[in-house]
Amino acid sequence: MFDSLPVLPPDSILGLAAACRADPNPDKVDLTVGVYMDETGLCPVFEAVQQAQQALVSEEQTKVYMPPQGDPDYLTGVRSLIFGEAGMAALGDRTSAVQTPGGCGAVRLGAEVLHAAAPGATVWVSDPTWPVHIPLMGSVGLQFKTYRYYSPEMKGLDFEAMLADLEAAQAGDVVLLHGCCHNPSGVDPTLEQWGVLAELMSERQLLPMIDFAYQGMGAGLDEDAAGIRAVLERVPEMIIAVSSSKNIGLYRERAGAVVFVGGDARAAEAMASQAVSAARRVYSMPPAHGALLAGRVLSSPALRSAWEAELGQICQRINDLRGQLRDALTTATERDFGFIGTEHGMFSFLGLSVEQAQRLREEQSVYMLDSSRINIAGLNANNLGRVVEAVASVL
Ligand code: LMR
């Protein structure tokens, strides 16, 4: 049966990370996958997560299945981060949530619920977007159109073009937006632009689906949720895919949640029930460990404030690295890299060609995606100079 089954090429992101791991050059630099690395090149476990883990291990009495909907503390915690306490109170029972295996699981279950409600729905995705969005949601059966977003010429958001494309969307279409720290460009709408988008989606009856994988890594927990909150002031329904990989550092534990806002309590309940049923068809119950840790961190005042402080330092360090890279590249190349300082989160495009990105990998062991997306959080005091020299040499 499998004699002629094709062997597939490696994933465009994970395959390059694997190539970097296999590179014997001791000075190699990995700027591929979106993972936060500290000054020593380690992806650290948050102190609050370590404490929660010790408590969990000492108190845990069973490994029985999780409830299908997931850990209630985790689901309340992630919603309080998105909406804020006041927003939670205002929404009341119009919101529901289901724990998922990471942010991918959340995007997938969100897509399943969309498909159940509107099997012919068209999803508008940004050009470019995270390369897994379309296969992840498309395998459910949804259709896609793209809206212009990042302009390589402007080195930023082409908002006019984005609006012009979304003007063509039909009532009932879905608009996939990145809540903050757009992946791969790092370019986010301003709060004012979020307001305009909200107005457009409300007028044209478009449904926002928000991928929210980097809350707290752009400007701060509340600042990064401001766009979503602005949309919710004008639009009654929303699906939000949350990941706790980056901002709680639970990458391998696969902790995430799909959060629903319905027009009323019945709609919110229906959306969650559809997500639970879709999960049952694929993997049955969510994994426990990561969500139980995050649930403890988010529901314990002491752990939560320790986590918020550490996340704030990480966010600050990423923004400091942005400033250092911007200055060093501008000096080394005499070109304007000012855009790096205005973007948010882990990613920026360096504006290199595919061939230049390949040369950097092959000749200098500096690994970035073919699109020249780099993970800013992979830089540190030891490798930043080497990366700048390498980039300058291919420009
Ligand atoms: C990335 O874009 O590098 C991250 O979201 C990790 C992944 O799964 O691709």
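Residues numbered from 1 in each chain as written. Predicted model: local features only at pLDDT ≥ 70, side-chain atom pairs only at ≥ 80, totals over all residues. Heavy atoms only, no water.

## Quick look at the pattern of salt bridges
Inference 1: Tallied over the full model, the rule gives 13 salt bridges.
Inference 2: Put simply, Glu39 and Arg317 hold a salt bridge, and the shortest N to O gap is 2.7 Å. One end of the pair, Glu39, is in the loop between strand S1 (29-30) and helix H2 (47-59); the other, Arg317, is in helix H11 (residues 301-333), and 278 residues separate them in sequence.
Inference 3: In this structure Arg317 comes out as buried when scored by relative accessible area, which is 15%.
Inference 4: A salt bridge links Arg296 to Glu59; its shortest N-O distance comes to 3.0 Å. You can see Arg296 sitting in helix H10 (residues 289-299) and its partner Glu59 sitting in helix H2, a full 237 residues away along the chain. (Salt bridge = Lys/Arg side-chain N within 4 Å of Asp/Glu carboxyl O. Helix = DSSP H or I, 4+ residues; strand = E, 2+ residues; numbered from the N terminus. Buried < 20%, exposed > 50% of the residue type's maximum accessible area, 1.4 Å probe, protein only.)

## Brief notes about the side chain of Asp224
Inference 1: Note that Asp224 resides in helix H8 (residues 221-232).
Inference 2: Although Asp224 is buried, it makes no salt bridge; Arg229 carries the closest opposite charge, 10 Å away.
Inference 3: Once residues lying within four places of it in the same chain are set aside, the contact partners of Asp224 are Gly179, Cys180, Phe212, Tyr214, Gln215, Gly216, Met217, Gly218 and Ala219. (Lys, Arg positive; Asp, Glu negative; His and termini not counted. Contact = heavy atoms within 4.5 Å.)

## A short note on the sheet that holds strand S9 (residues 238-243)
Inference 1: Spatially, S2-S10-S9-S8-S7-S3-S4 is the arrangement adopted by the seven strands of the open sheet, whose pairing is mixed. Two strands bound the open sheet, and with one partner strand each, they are strand S2 (95-101) and strand S4 (143-148). Looking at each pair of strands side by side, their axes are set apart by 25° on average, direction ignored.
Inference 2: Taken together, the seven bridges between S2 and strand S10 (residues 255-261) define a ladder with antiparallel strand orientation. Residue pairing across strands places Ala97 opposite Val259, the latter belonging to S10. (Pairing = 2+ DSSP bridges. Axes fitted to C-alpha atoms, helices over the stretch in contact; angles between N-to-C directions.)

## Considerations on the site of the ligand
Inference 1: Around the ligand, the neighbouring residues are Ile13, Val33, Gly34, Trp130, Asn183, Tyr214, Lys246, Phe347 and Arg373.
Inference 2: Taking Asn183, its side chain carries an N or O atom lying 2.9 Å from an oxygen atom of the ligand.
Inference 3: Arg373 is positioned such that a nitrogen or oxygen atom in its side chain is 2.8 Å from an oxygen atom of the ligand.
Inference 4: For the ligand, the accessible surface in isolation is 260 Å², of which the surrounding protein chains cover 81%.
Inference 5: Structurally, the ligand is housed in the largest pocket. (Near = heavy atom within 4 Å. Polar contact = N/O pair within 3.5 Å; in protein donor to acceptor, adjacent residues only side chain to side chain. Areas by Shrake-Rupley, 256 points an atom, 1.4 Å probe, with all protein chains shown as cover. 1 Å grid on protein atoms, 1.4 Å probe; cavity = no way out; pocket = protein on both sides within 12 Å on 5 of 7 lines; lining within 4 Å. Sits in = over half its atoms within 2 Å of the grid points.)

## Remarks on helix H13 (residues 354-364)
Inference 1: Among all positions in H13, only Gln356, Ala357, Leu360 and Arg361 are buried. Looking down the long axis of H13, one finds its buried residues gathered within 140° of arc, a one-sided arrangement. Seen from the open side of H13, the exposed residues pointing more than 90 degrees away from its buried face are Glu355, Glu362 and Glu363.
Inference 2: Those residues of H13 that are buried lie in contact with helix H1 (14-22), strand S12 (366-367) and helix H14 (384-394).
Inference 3: Just downstream of H13, Ser365 is the residue with a positive phi angle, here 55°. (Arc of directions from axis to C-beta.)

## Considerations on the layout of surface pockets
One way to see where empty space is left: roll a probe the size of a water molecule over the atoms.
Inference 1: If you add up the space inside the largest pocket, you get close to 1000 Å³.
Inference 2: In this structure, the largest pocket is lined by 43 residues; those nearest its centre are Leu14, Thr32, Val33, Gly34 and Val35.
Inference 3: Among the elements that line the lining of the largest pocket, the one with the most residues is H1, at four residues.
Inference 4: For the lining of the largest pocket, the class distribution of residues is 18 nonpolar, 14 polar and 11 charged.
Inference 5: Residue assignment places the lining of the largest pocket across two domains, with domain 1 (12-45 + 305-394) and domain 2 (65-299) each supplying three or more.
Inference 6: If you add up the space inside the second largest pocket, you get close to 360 Å³.
Inference 7: Listed by contribution, the elements that provide at least two residues to the lining of the second largest pocket are helix H4 (102-117) and helix H9 (265-282). (Points joined across faces, edges and corners; volume = space filled by probe spheres on them. Nonpolar A, V, L, I, M, F, W, Y, C, P; charged D, E, K, R; others polar. Domains from an automatic or database assignment.)

Shape is all these values report; function is a separate question.
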